[in-house]
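# Breakdown of the fold
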Amino acid sequence: METAVFKSYKNGYYTFLFDNGEDMIFEEVHPRVLKQFDLKNDTSLVGKAFRVSFVEVFDDADEDFLIYRIESLKPI
C-alpha cells in the first residue's frame, strides 16, 4: 500500500497524487471501494489522504492495453 491524496474524478478517471510527487490516474475502482467512498460525487474526499492498494490490469489480446484499478482505500 502507498500513501496518496485524492485529487479528482473527471470523465471516468480518478486522479491521486502519490508521496513521490507523481499523479496517477485510475480507470477502475473496485465496487466495494465505491460502496465505501463515493469518489464520483463526494467533494469532501478531494484532498483527503488514503493508503491505496492497486493492481495493473493487462489484456492478453492487446499487449498495449494496461489500466490501473484501485483495490482498496484506507483513510489516513
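Positive phi, close to 50°, is recorded for Asn 11, a residue that is not glycine. Considering the arrangement of structural elements, one finds Asn 11 in the loop between β1 (2-10) and β2 (13-18). Take Asn 11: its relative accessible area is 65%, and that puts it in the exposed class.

Let us look at the packing of aromatic side chains. For any pair of aromatic rings, the description consists of the separation of the ring centres together with the inter-plane angle of the planes. Summed over the entire model, instances satisfying the criterion amount to 10 aromatic pairs. Plain terms: the ring middles of Phe 6 and Phe 16 are 5.1 Å apart, the flat faces sit at 50° to each other, and that makes the pair tilted. With Phe 6 in strand β1 and Phe 16 in strand β2, this residue pair connects regions lying 10 residues apart in the sequence. Pair check on accessibility: Phe 6 and Phe 16 agree, each one buried. With a centroid separation of 5.7 Å and 85° between ring planes, the pair formed by Phe 16 and Phe 26 is classed as edge-to-face. In this pair, Phe 16 is assigned in strand β2 and Phe 26 in strand β3 (residues 23-26), connecting sequence segments 10 residues apart. Given the relative accessible area of 0%, Phe 16 is considered buried. What makes Phe 26 buried here is its relative accessible area of 0%.

Looking now at the nonpolar core. Counting residues in each nonpolar core, the largest one holds 16 residues, and the members touching the most others are Phe 16, Leu 39, Phe 50, Val 52 and Leu 73. Counting only elements with at least two residues in this core, the list comes to β1, β2, β3, β5 (49-59) and β6 (62-75). Residue contributions to this core peak at 3 residues, all from β2.

What counts as what
- Residues numbered from 1 in each chain as written.
- Predicted model: local features only at pLDDT ≥ 70, side-chain atom pairs only at ≥ 80, totals over all residues.
- Heavy atoms only, no water.
- Helix = DSSP H or I, 4+ residues; strand = E, 2+ residues; numbered from the N terminus.
- Buried < 20%, exposed > 50% of the residue type's maximum accessible area, 1.4 Å probe, protein only.
- Phe/Tyr/Trp six-rings, centres within 6.5 Å; stacked < 30°, edge-to-face > 60°.
- Core = buried A, V, L, I, M, F, W, Y, C linked by side-chain atoms within 4.5 Å.

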